[in-house]
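As a plain string of letters, each chain reads:
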Amino acid sequence: LKDISIAGNHGTINSGPSFSTDRHGNPQGALDFDGSDDYIISSIISDANSYFARTKSTVSMWIKGYNAIDGSNIYALNHGSETGNFIWDYNDTDFQQTWEVKKGSSGGTSSGWYTAQYTTPLQPNIWYHILMTYDSNIGLKAYLNGNLETYNSSVSGTLNAPIRQLSIGAKA
């Protein structure tokens, strides 16, 4: 999968997510992951110790979810496993969408994970613009359709180094 920005962060498609219509109605303008084994891997994390997102990062994406398969977590974005991710989770009663970042091995909600969970229930089959910012001096913020939705100031400092590549669309 080719990154058309000047950054050149290309990805490798695994198990064949299909192209589908995007939020503007453009055919083949979005990728549709099956919730089972479709995902993209990127080598953006080439040196974990100098990885830029450990102190400041912004992640922005358009997302439209479906009911999760087998009631499992779907990682719309796994930002290097030990650094952070965005989870699209369906727990048999409702959707729970959460940004997570990790710092250390304790604190936060469990084992060093700090969360910013959306307070607005995101519904299936609707496009949303989601955005996360992390600043080591401010904390973790989650935006929904351009509005600040939630904020976690209990995390600060340098996040853990990632232990694997960035992935998009993987199932837990």
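Everything numeric in this text was worked out from a predicted model, so none of it was measured. (Residues numbered from 1 in each chain as written. Predicted model: local features only at pLDDT ≥ 70, side-chain atom pairs only at ≥ 80, totals over all residues. Heavy atoms only, no water.)

Across its full length, the chain holds zero helices and 13 strands. The order of helices and strands in the chain, counted from the N terminus, is β-β-β-β-β-β-β-β-β-β-β-β-β. Here the chain holds 172 residues, and the buried ones make up 42% of them. Put simply, 53% of the contacts in the chain that link residues at least 6 apart link residues at least 24 apart. Approximately 8800 Å² of the chain is accessible, and the part contributed by carbon and sulfur atoms is 47%. (Helix = DSSP H or I, 4+ residues; strand = E, 2+ residues; numbered from the N terminus. Buried < 20%, exposed > 50% of the residue type's maximum accessible area, 1.4 Å probe, protein only. Contact = heavy atoms within 4.5 Å. Areas by Shrake-Rupley, 256 points an atom, 1.4 Å probe, with all protein chains shown as cover.)

Burial within strand β10 (residues 128-135) is extensive, with seven of its eight residues counted as buried. Pairing geometry for strand β5 (residues 56-63) and β10, over eight bridges, is antiparallel. Note that in β10 the partner of K56 across the bridge is D135. Note that β10 and strand β11 (residues 139-144) share six bridges and pair antiparallel. When the bridges of β11 are listed, T133 appears paired with K141. (Pairing = 2+ DSSP bridges.)

This part is about the sheet that holds β11. Read from one edge of the open sheet, four strands run β5-β10-β11-β12, paired in antiparallel fashion. Edge positions in the sheet fall to β5 and β12 (147-152), since each of these pairs with one other strand and no more. Within the sheet, the average angular offset between the axes of one strand and its neighbour, ignoring direction, is 15°. (Axes fitted to C-alpha atoms, helices over the stretch in contact; angles between N-to-C directions.)

Secondary-structure assignment places G35 in the loop between β3 (30-32) and β4 (39-42). G35 sits 30 residues away from G65 along the chain, and the two C-alpha atoms are 9.6 Å apart.

Right, let's talk about the nonpolar core for a bit. Counting residues in hydrophobic clusters, the biggest one holds 21 residues, and the most contacted among them are M61, W99, Y118, I130, L140 and V155. Taken together, the elements giving at least two residues each to this core come down to β5, β6 (73-78), β8 (95-102), β9 (113-117), β10 and β11. Of all the elements, β10 adds the most residues to this core, at four residues. When neighbours within four sequence positions are excluded, M61 is seen to be in contact with A76, L77, W99, Y128, H129 and I130. (Core = buried A, V, L, I, M, F, W, Y, C linked by side-chain atoms within 4.5 Å.)

This part takes up the side chain of S136. By the element assignment, S136 lies in the loop between β10 and β11. Here S136 falls in the buried class, since its relative accessible area comes to 13%. Every residue in contact with S136, bar those within four places of it in the chain, is listed here: T55, S156 and G157.

Another point: the environment of L159. Within the element layout of this structure, L159 appears in the loop between β12 and β13 (166-171). Judged by its relative accessible area of 2%, L159 is buried. It is 4.7 Å that separates the C-alpha atoms of L159 and R54, two residues lying 105 residues apart in sequence.

Time to look at the pattern of salt bridges. Going through the model one piece at a time under the given rule, you end up with one salt bridge. Among the ionic pairs, K56 bridges to D135, the shortest N-O distance being 3.0 Å. Here K56 is found in strand β5, whereas its partner D135 is found in strand β10, with 79 residues between them in sequence. On the accessibility criterion, K56 (44% relative accessible area) is partly exposed. (Salt bridge = Lys/Arg side-chain N within 4 Å of Asp/Glu carboxyl O.)

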